[in-house]
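Given next are the chains, with one letter for each unit.
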Amino acid sequence: MWQSYVNGLLVALGLIMAIGAQNAFVLAQSLRREHHLPVAALCVTCDALLVAAGVFGLATLLAQSPLLLSIARWGGAVFLLWYGSQALRRAFSKQSLQRDEKQAARSLRTVLLSALAVTLLNPHVYLDTVLLIGSLGAQQSVPGAYVMGAASASLLWFSVLAIGAAWLAPWLARPATWRVLDLLVAVMMFTVAMQLIVSG
């Protein structure tokens with residue numbers, strides 16, 4: 001059970017820590033203190049629901065087909081190795097997130113609709129949560145624990161962005177910070193990929 005939970009936690013952390021549209025949106029809202037807590041809660045909820053749909057929908061299919069299970073395992077391992085390599089490459093490039101201070105305050109409804117758009121209209125969210133995290137979770141001994149691990153990662157990461165953004169702003173603006181994060185992402189991705197390969 002705990003192995004499944006930790007796998008879900010590591011995979012999800014590795015995927016959501018990379019600089020992307022959703023992270024940039026949450027961070028920008030947090031730096032402006034503009035409905036940042038509801039935005040973070042919305043992102044966590046969406047991630048958890050998408051991961052659960054992927055895990056439990058694919059689990060049934062994979063259980064009925066050893067071939068699909070093998071394809072998912074090796075496909076997941078290859079993707080994780082590639083993703084880890086990309087993180088290593090990013091670790092040696094300049095990255096930072098800048099605060100946009102010129103935008104006027106918006107209503108809660110407008111901000112939440114924008115957050116939904118950034119989350120659900122981005123094709124990468126389905127590749128990450130439903131297909132990648134979901135297919136890996138369907139292969140776990142305890143899929144439910146894996147979903148909880150992934151949800152915990154999302155809760156942890158978006159809480160850090162929402163609550164600590166103003167305090168962390170100078171730190172997050174430094175490329176060195178994101179280099180360290182990308183190195184951690186690479187280690188997480190390579191570790192889970194090796195577990196999949198060995199389990200084959």
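Preceding block: the structure.
Residues numbered from 1 in each chain as written. Predicted model: local features only at pLDDT ≥ 70, side-chain atom pairs only at ≥ 80, totals over all residues. Heavy atoms only, no water.

A. Structural view of the overall build of the protein. Along the backbone of the protein there are eight helices and zero strands. Shown N-terminal to C-terminal, the secondary structure of the protein runs as helices and strands in the order α-α-α-α-α-α-α-α. For the protein, with 200 residues in total, the buried portion stands at 44%. Summarising the internal contacts of the protein: among those between residues at least 6 apart in sequence, 89% fall at separations of at least 24. (Helix = DSSP H or I, 4+ residues; strand = E, 2+ residues; numbered from the N terminus. Buried < 20%, exposed > 50% of the residue type's maximum accessible area, 1.4 Å probe, protein only. Contact = heavy atoms within 4.5 Å.)

B. Examining the state of the cysteines more closely. Tallying each qualifying case throughout the model produces zero disulfides. The thiol sulfur of Cys43 is not disulfide-bonded, and the nearest other cysteine sulfur, from Cys46, lies at 6.7 Å. (Disulfide = S-S within 2.5 Å.)

C. Looking closely at unusual backbone geometry. Positive phi, normally seen in glycine, also occurs at His35, with a value near 55 degrees. Within the fold, His35 resides in the loop between helix 2 (21-32) and helix 3 (36-63).

D. Broad picture of the packing of aromatic side chains. Scanning the model with the defined rule gives one aromatic pair in all. Their ring planes at 75 degrees and their centres at 5.7 Å tell us that Trp2 and Tyr5 sit as a pair that is edge-to-face. Here Trp2 and its partner Tyr5 are both found in helix 1 (residues 2-16), three residues apart, which amounts to about one turn of the helix. For Trp2, a relative accessible area of 61% corresponds to the exposed category. Classification of Tyr5 by relative accessible area gives partly exposed; the value is 22%. (Phe/Tyr/Trp six-rings, centres within 6.5 Å; stacked < 30°, edge-to-face > 60°.)

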